[in-house]
Amino acid sequence: MVRSFRTSLGALAIAALACGPAKAAGGPFLPHQALYDLSLAKSRGSSPINSARGRILYNFSGNACEGYTSEFRQVSELDAGEGKLTLSDLRSTSWEDGAGKTYRFKIETRMNDADAGTTSRSS
């Protein structure tokens, strides 16, 4: 029993050295996803928006060996009345290596199905 426990610890130590230390505070990183529904409860002041609805999606995955990926998407529909609808689609993807030395991201925005722009960077 003691021997297999020591062997397991040795294997874990080798894996930790090969993949680098986990940077997560309070424990290991766990992949997860969250989805939120959006709606406008009340418009205040002189806002021309009558109603709004949409969704936000977060997705986090990865590990110290392959790196960590974060994906974000928010799609919103704003109604200003008289048939004036605005559809906004924001997408963001980022990746960071397990050692925290390399980082890449890409942000895309679209308004009413027209490409409004893309921003990306790698370091």
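Residues numbered from 1 in each chain as written. Predicted model: local features only at pLDDT ≥ 70, side-chain atom pairs only at ≥ 80, totals over all residues. Heavy atoms only, no water.

Draft legend 1. How the structure looks around a nonpolar patch on the surface. On the surface, Tyr 36, Leu 38 and Tyr 58 cluster together to form a nonpolar patch covering roughly 250 Å² of accessible area. Structurally, the position occupied by Tyr 58 is in strand 2 (residues 51-63). Among the residues examined, Tyr 58 registers a relative accessible area of 30% and is labelled partly exposed. (Patch = residues over 30% accessible without salt bridge, like charges linked within 9 Å, V, L, I, M, F, W, Y side chains within 5 Å. Areas by Shrake-Rupley, 256 points an atom, 1.4 Å probe, with all protein chains shown as cover. Salt bridge = Lys/Arg side-chain N within 4 Å of Asp/Glu carboxyl O. Helix = DSSP H or I, 4+ residues; strand = E, 2+ residues; numbered from the N terminus. Buried < 20%, exposed > 50% of the residue type's maximum accessible area, 1.4 Å probe, protein only.)

Draft legend 2. Just the pairing of strand 6 (residues 114-122), in detail. For strand 5 (residues 103-111) and strand 6, the ladder comprises eight bridges, and the chain directions are antiparallel. By the bridge assignment for strand 6, Ile 107 is matched with Thr 119. Between strand 5 and strand 6, which pair antiparallel and follow one another directly, the connecting turn spans two residues, one of which, Asn 112, has a positive phi of 50 degrees. (Pairing = 2+ DSSP bridges.)

Draft legend 3. Structural view of unusual backbone geometry. The backbone of Glu 82 sits at a positive phi, close to 55 degrees, despite the residue not being glycine. Residue position: Glu 82 is located in the loop between strand 3 (67-79) and strand 4 (85-96). A relative accessible area of 79% places Glu 82 in the exposed class.

Draft legend 4. Representation of the sheet that holds strand 3 within the structure. Judged by pairing direction, the sheet is antiparallel, and its six strands sit side by side in the order 1-2-3-4-5-6 without closing on themselves. If you trace the sheet from one side to the other, it starts and ends with strand 1 (32-39) and strand 6, each paired once. If you compare each strand with its neighbour and ignore which way they point, the axes differ by 5 degrees on average. Pairing analysis gives eight bridges linking strand 1 to strand 2, with the strands arranged antiparallel. Following the sheet pairing, Leu 38 is matched in strand 2 by Gly 54. (Axes fitted to C-alpha atoms, helices over the stretch in contact; angles between N-to-C directions.)

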